[in-house]
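Listed below, chain by chain, are the residues.
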Amino acid sequence: MSGTAQQKTIVITGASDGIGAAAARRLHRDGHRIVVVGRSARKTEAVAAELGADHFVADFARLAEVRTLAVELAARYPRIDVLANNAGGIFGDRGKTVDGFEKTFQVNHLAPFLLTTLLLDTLIASGASVIQTASVGARLFGRVNMDDLDHDRDFSPELAYGSAKLENILFTTELHRRYQAQGLSAAAFHPGLVATGFAADSDSFMKRFYGSRLGRAVMSAPEKGADQLVWLATTTPGSQWRSGVYYEKRRPARRNNPQALDPDLARDLWDRSAELVDESEQR
């Protein structure tokens, strides 16, 4: 790292494999302090040991573990420059978590929403950037129904995943609206088609595509998929990128799900998400 560059403390969830691990390695090489968060203790510890980094294990299918993670992070790091909400995935048949929510909705949206809001004091004091790993699936499959966020009436793995990624974008929009004046920045991005273990636990057509010869032929390496995460984490919002925006290939996305551009929906989703995580704590 050059003498003029500032070392940042960067927390990356879903950093035990794939894009998250690739971003962690690249950012570590660039001289930043990386905090590795993952679900698998074995994989998370291995990446952290490789980098000489701190690590935390949390299963986002359990909101109690997300709350514990937030407490531990806030206690350990008085400054967090970047929170990269990268954990997520597409899953198999519709199933509820121990908290009572559809798993795709909870792991991809509700858990990172909870983690971010619990860390808001630290993030605002740090002038942090909050980065969401979204997906073009938000446009292709996403449909947010405020009366059925768990997709109890119309579940499919693709719909649940696309909707959760759309919720990542809406969360980014609303996070920016609420806290930009306090110095917080937010962005979401589509990493592209990346050769990882994505969709391996699902019953969707994406599992077959990701495992096929054709799929692998058109996919990029995790290191390339991590490019935008690294770029957003290391550059300056307001000059190199605009807060509150969803990016594809380092540019604001040209095509969007119309719901992604609905500020009223973004506000409603935030308010409902806050209610849901509060209700889950009281159960």
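Residues numbered from 1 in each chain as written. Predicted model: local features only at pLDDT ≥ 70, side-chain atom pairs only at ≥ 80, totals over all residues. Heavy atoms only, no water.

**Some words on the side chain of serine 135**
Here comes step 1: Its location among the elements puts serine 135 in the loop between strand E5 (129–133) and helix H6 (137–140).
Here comes step 2: Of the polar contacts made by the side chain of serine 135, one reaches the backbone nitrogen of glycine 137; its length is 2.8 Å.
Here comes step 3: Residues contacting serine 135, with those up to four places away along its chain left out, are Tyr161, Lys165, Phe189, His190 and Tyr246. (Helix = DSSP H or I, 4+ residues; strand = E, 2+ residues; numbered from the N terminus. Polar contact = N/O pair within 3.5 Å; in protein donor to acceptor, adjacent residues only side chain to side chain. Contact = heavy atoms within 4.5 Å.)

**Describing a positive patch on the surface**
Here comes step 1: Together, Lys224, Lys249, Arg251 and Arg254 make up a region of like positive charge exposed at the surface.
Here comes step 2: You can see arginine 254 is positioned in the loop between strand E8 (251–252) and helix H12 (263–282). (Patch = residues over 30% accessible without salt bridge, like charges linked within 9 Å, V, L, I, M, F, W, Y side chains within 5 Å. Areas by Shrake-Rupley, 256 points an atom, 1.4 Å probe, with all protein chains shown as cover. Salt bridge = Lys/Arg side-chain N within 4 Å of Asp/Glu carboxyl O. Lys, Arg positive; Asp, Glu negative; His and termini not counted. Charge placed at Lys NZ, Arg CZ, Asp CG, Glu CD.)

**Some points on the environment of aspartate 54**
Here comes step 1: By the secondary structure assignment, aspartate 54 is in strand E3 (residues 54–57).
Here comes step 2: Residues aspartate 54 and arginine 33 lie 21 residues apart in sequence; the distance between their C-alpha atoms is 8.7 Å.
Here comes step 3: Leaving out residues up to four positions away in the same chain, aspartate 54 has contacts with Arg33, Ile34, Val35, Val36, Ala48, Arg76 and Tyr77.
Here comes step 4: Side-chain polar atoms of aspartate 54 contact the side chain of tyrosine 77, separated by 2.6 Å.

**What about the packing of aromatic side chains?**
Here comes step 1: All told, the structure shown has seven aromatic pairs when counted by the stated rule.
Here comes step 2: Aromatic side chains phenylalanine 56 and tyrosine 77 sit 6.3 Å apart centroid to centroid with 80° between the ring planes, which places their arrangement in the edge-to-face category. A residue pair is termed long-range when its members are at least 10 positions apart, and phenylalanine 56 in strand E3 and tyrosine 77 in the loop between helix H3 (63–76) and strand E4 (82–85) qualify at 21 residues. The two residues phenylalanine 56 and tyrosine 77 agree in class, both being buried.
Here comes step 3: Aromatic pair tyrosine 179 and tryptophan 270: ring centres 6.2 Å apart, planes at 45°, arrangement tilted. Of this pair, tyrosine 179 sits in helix H7 (residues 157–179) while tryptophan 270 sits in helix H12; the two residues are 91 residues apart in sequence, bridging distant segments of the chain.
Here comes step 4: Through a chain of ring-to-ring contacts, three or more aromatic side chains come together here, namely Phe113, Phe171, Tyr179 and Trp270. (Phe/Tyr/Trp six-rings, centres within 6.5 Å; stacked < 30°, edge-to-face > 60°. Buried < 20%, exposed > 50% of the residue type's maximum accessible area, 1.4 Å probe, protein only.)

**Overview of the confidence of the model for the protein chain**
Here comes step 1: When pLDDT is averaged along the protein chain, the result is 91; 88% of the residues meet or exceed 70.
Here comes step 2: Taken together, the stretch residues 196–200 has pLDDT below 50 and engages in 14 contacts with residues farther than four places along the chain or on a different chain. (pLDDT = per-residue confidence, 0-100.)

**Structural notes on unusual backbone geometry**
Here comes step 1: Phi angles above zero are rare outside glycine, and histidine 151 is one such case at about 55°.
Here comes step 2: For histidine 151, the position within the fold is in the loop between H6 and H7.
Here comes step 3: Even without glycine at this site, lysine 249 takes up a positive phi of about 55°.
Here comes step 4: Accessibility expressed as a relative area gives 71% for lysine 249, which makes it exposed.

**Here we look at the nonpolar core**
Here comes step 1: Among the nonpolar cores identified, the biggest contains 54 residues, and Phe60, Leu73, Leu115 and Leu175 are the most heavily contacted of them.
Here comes step 2: When residues of this core are traced back to their parent elements, those giving at least two are strand E2 (33–38), H3, helix H4 (103–118), helix H5 (120–126), H7, strand E6 (185–190) and H12.
Here comes step 3: The element best represented in this core is H4, accounting for seven residues.
Here comes step 4: Leaving out residues up to four positions away in the same chain, leucine 175 has contacts with Thr116, Leu120, Val130, Gln180, Leu184, Ala186 and Trp270.
Here comes step 5: Counting residues in hydrophobic clusters, the runner-up holds 29 residues, among them Ala15, Ile34, Leu229 and Tyr247. (Core = buried A, V, L, I, M, F, W, Y, C linked by side-chain atoms within 4.5 Å.)

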